[in-house]
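# Reading the structure
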Amino acid sequence: MRLLRNKISPPCQAFWTCWAGAFFILLTFPPTSSHAETVHAPYTEAELVSELATVAPGDTLWAALRLKPHPDWYVYWKNPGDAGMPPSLEWTLPEGVTAQEILFPYPEVIPSGPLASFGFSQEVFYPVRIAISSDFPIGTPLVLNAHADWLVCKVECLPADAELTLILETGEKTPHPVWGGKWQSILERLPHDSPEWKWRVRFEPETLTVTGTIPRGWKTGTGGVFFFPDEQGIIDNAQPQSYLVNDGMLEVKVVRDPVIGSEPDSLQGVLVADSAWRSPDGIAYPALTIAVTPVTGLETAAPAAVPLSMGRVQGMGWALLFALLGGVLLNLMPCVLPVLSLKIMDFVNRAGQRRSLTIVHGLVFTSGVLLSFWILAGTLILLQQGGAQLGWGFQLQSPLFVFSLSAFLFLFGLNLLGVFEMGVLFTRFSAAGKTDSHYLGSFAGGVTATLVATPCTAPFMGAALGYGFTLSPLANLALFTALGFGMASPYLLLSFFPGFLRFLPAPGRWMETLKQFMGFLLLGTVIWLAWVLGHLVGNDGITVFWMSLLCIGIGAWMLGRWGVLSVSPRTRFLAIAAAIVIWALALWFGSAAMKLSAPVAALPIGATAEGSQAASIPEIDWEPFSPERLEELRTRKEPVFVNFTAAWCITCKVNERMALRSPEVIERFSELGIHALKADWTARDASLARVLAGYGRNSIPFYVFYDGKADKPKFLPELLTPGLLLEILHR
């Protein structure tokens, strides 16, 4: 042996020594008793995991389906949202072993254009409770087999499945060396069911309101909340939800599904908070379960139920007073203050002018405010009389209005920052010596202040308007008048008593600094409006919004660079003309995009999906897809468009709403005589999977176009637009 050992080189000695040591360790310390393999399915890792490595007969244990989607991919919750499919498990278990229903942790919102899905973009565990009978033999491995089905999506969606196995030893209970320590955090992702919370829900024609009584000792967070119903067809998933805590009550107002909008006999769901609720013992709960029997109808929204910190509104006199005070305080709201700050600059500039002229400007400003409030009130009253359920700030629900207001404020902000001078456009009027009598600016200031004030609700104001909406149209108009007069009163007071202007510093460089600072405030208001617009039109719409503002900024820069009096009249004329053309094109392009991205309007009261106007919109005449039908049409050299889609495919739904339902596209299909075939992959269909594989694809959406001339088809991208479709069909 010594001779043999001497003949082995040192590296070989080290190699065999390591192997001998490893073999000794394996004999002394056997491997862990639990065994599970990770399956690498398309764009997902899948695995069965357990809290225990060794289980005892008669006990219960937690197991879970673990899914880990690849970056930018996601899987679904039990309610997938506008489209999708939740995961499922089909168990094959030994005798004496049973598995309960799969549980779902609280989800996240995954936006996709005008639609939204509910699911998980990170690693997620779906727990299942496993029960083992007491007579299960000790020493026999516990083999848990399950067939898992799920859907994984990015832009395209792909059904996936896997055969999963988890093998556990039986004996004295021991935790799993990998997952045992993580199980507490896994279970904390499940919504908390607290009987202390008392829930109720009220259905209205366009909204539903979930109200909960906050138990004694519980603390609510400062972030927002989102209500996820267990079933589809209850809410408009992509719409923002409002959240209010007042007098020990938590209230969440949700927009109902505009197409289905059903009113179930009971409602279950999950309420998820940005910052967790805390129980009296200090435990944080990010999500609470909700199970209620709803109260349907409007009778529960009586005016006496409107909360007010200084008491309830009693009578019309108090309502008018509260509206007046609310209008005054509205000037201090963040959305109004930047615009009204401009009027302070106007007062500074007018210091020293005769008093009568200042009074007239104050009256003109007030008339602009009052006229705007009257128009808003009249429009709101007419719509409410027609059955619509609208409220203060309803025009901020229009993407076109929000875009137009943002463009105006952005342009005005650039003017204040000195990018260009608005006065260049009115030099002829200035030369006529009528600058001091320009009341249009004061009137426009009153209108603008009113428009940006509508999303704000000042103290006292909400209760007064809530009371007014239950009265006659004339009384409602009186409340809006009081509100507008209250908002204009500070400016009107200063115009009648300009002596207060002596408290302002003497004119100087500070005036230009203040002017530019006000420009930044206006740009801040534009950012806030962009946030509002993002909830209405999604990422694609907000991208168009920023591009339009960029073009508006370029036009303003051209006007400031070459539209000044120091350049030749010809150059100045060309700069002004070019700026106006660029602004017009930017506004036209942005407005068209806002109209295209606008959300679907809710149904009228009592209307059904079949009888609504939305249901009567023309659509492409789809035929069911079959390989035989496709081959027949191709043999006849006729144009064919094949749409591979599914009810669970969120991108398919977006393409259908944004492109395939475009009137221009529908008309082009009809003009060219295109046969439209819809291949529905909602349910598993091996034949469709083979057809997709024949095209070299395994996911949807997928679009194929045969023009009837060439044998080779044209493959369209996953994301469609009307312009792209029209261009391809025209070739």
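Above this text you will find the structure in question.
Residues numbered from 1 in each chain as written. Predicted model: local features only at pLDDT ≥ 70, side-chain atom pairs only at ≥ 80, totals over all residues. Heavy atoms only, no water.

### Side note on the sheet that holds strand β6 (residues 75-81)
One open sheet holds the three strands; their spatial order is β6-β10-β9, and the pairing between them is antiparallel. The open sheet has two edge strands, β6 and β9 (108-112), and neither has a second partner. For this sheet the average axis-to-axis angle between neighbouring strands, irrespective of direction, equals 45°. When β9 meets strand β10 (residues 115-120), the two strands line up antiparallel, connected through five bridges. Opposite Val109, over in β10, you have Phe118 as the bridge partner. Contacts from helix α15 (residues 650-660) reach β6, β9 and β10 within the one sheet, and its direction differs from that of β10 by about 175°. (Pairing = 2+ DSSP bridges. Helix = DSSP H or I, 4+ residues; strand = E, 2+ residues; numbered from the N terminus. Axes fitted to C-alpha atoms, helices over the stretch in contact; angles between N-to-C directions. Contact = heavy atoms within 4.5 Å.)

### So, a nonpolar patch on the surface
Residues Leu371, Trp374, Ile375, Leu474 and Leu477 make up a contiguous nonpolar surface patch of roughly 480 Å² in combined accessible area. Elements supplying a minimum of two residues to the nonpolar patch: α6 (355-385) and α11 (473-496). In terms of residue count, α6 provides more of the nonpolar patch than any other element does, three residues in total. With respect to the secondary-structure elements, Leu474 resides in helix α11. The exposed category is assigned to Leu474, whose relative accessible area is 67%. (Patch = residues over 30% accessible without salt bridge, like charges linked within 9 Å, V, L, I, M, F, W, Y side chains within 5 Å. Areas by Shrake-Rupley, 256 points an atom, 1.4 Å probe, with all protein chains shown as cover. Salt bridge = Lys/Arg side-chain N within 4 Å of Asp/Glu carboxyl O. Buried < 20%, exposed > 50% of the residue type's maximum accessible area, 1.4 Å probe, protein only.)

### Digging into the packing of helix α16 (residues 663-672) against helix α18 (residues 722-730)
One can describe the packing of α16 onto α18 by two numbers: an axis separation of 9 Å at closest approach and a directional angle of 15°. Considered as vectors, α16 and α18 are oriented roughly parallel to each other. Taken as a pair, α16 and α18 cross one another with a handedness that is left-handed. Mapping the contact onto sequence places Glu664, Val665, Arg668, Phe669 and Leu672 in α16 and Pro722, Leu725, Leu726, Leu729 and His730 in α18. Considered class by class, the residues forming the contact of α16 with α18 number seven nonpolar, one polar and two charged. (Parallel < 35°, antiparallel > 145°, perpendicular 65-115°, else oblique. Left-handed = near helix turned anticlockwise from the far one by under 90°. Nonpolar A, V, L, I, M, F, W, Y, C, P; charged D, E, K, R; others polar.)

### Points about unusual backbone geometry
Glycine aside, negative phi is the norm for most residues, and most peptide bonds take the trans geometry. A positive phi angle, near 75°, is found at Asp72, a position not held by glycine. By secondary structure assignment, the location of Asp72 is in the loop between β5 (60-69) and β6. A positive phi is found at Lys637, a non-glycine position, where the angle reads about 60°. Inspection of the secondary structure puts Lys637 in the loop between α14 (627-635) and β24 (640-645).

### Regarding the nonpolar core
One broad trend across soluble globular proteins is that nonpolar side chains are buried collectively. With 65 residues, the main nonpolar core has Tyr126, Trp150, Trp199, Leu271 and Trp277 as its most contacted residues. Ignoring sequence-local partners within four residues, the contact set of Trp199 consists of Val210, Thr211, Gly212, Leu250, Leu271, Leu288, Thr289, Ile290 and Val292. (Core = buried A, V, L, I, M, F, W, Y, C linked by side-chain atoms within 4.5 Å.)

### Quick notes on α15
Here α15 lies mainly inside the structure; nine of its 11 residues are buried. Those residues of α15 not exposed but buried are Ile650, Thr651, Cys652, Val654, Asn655, Glu656, Met658, Ala659 and Leu660.

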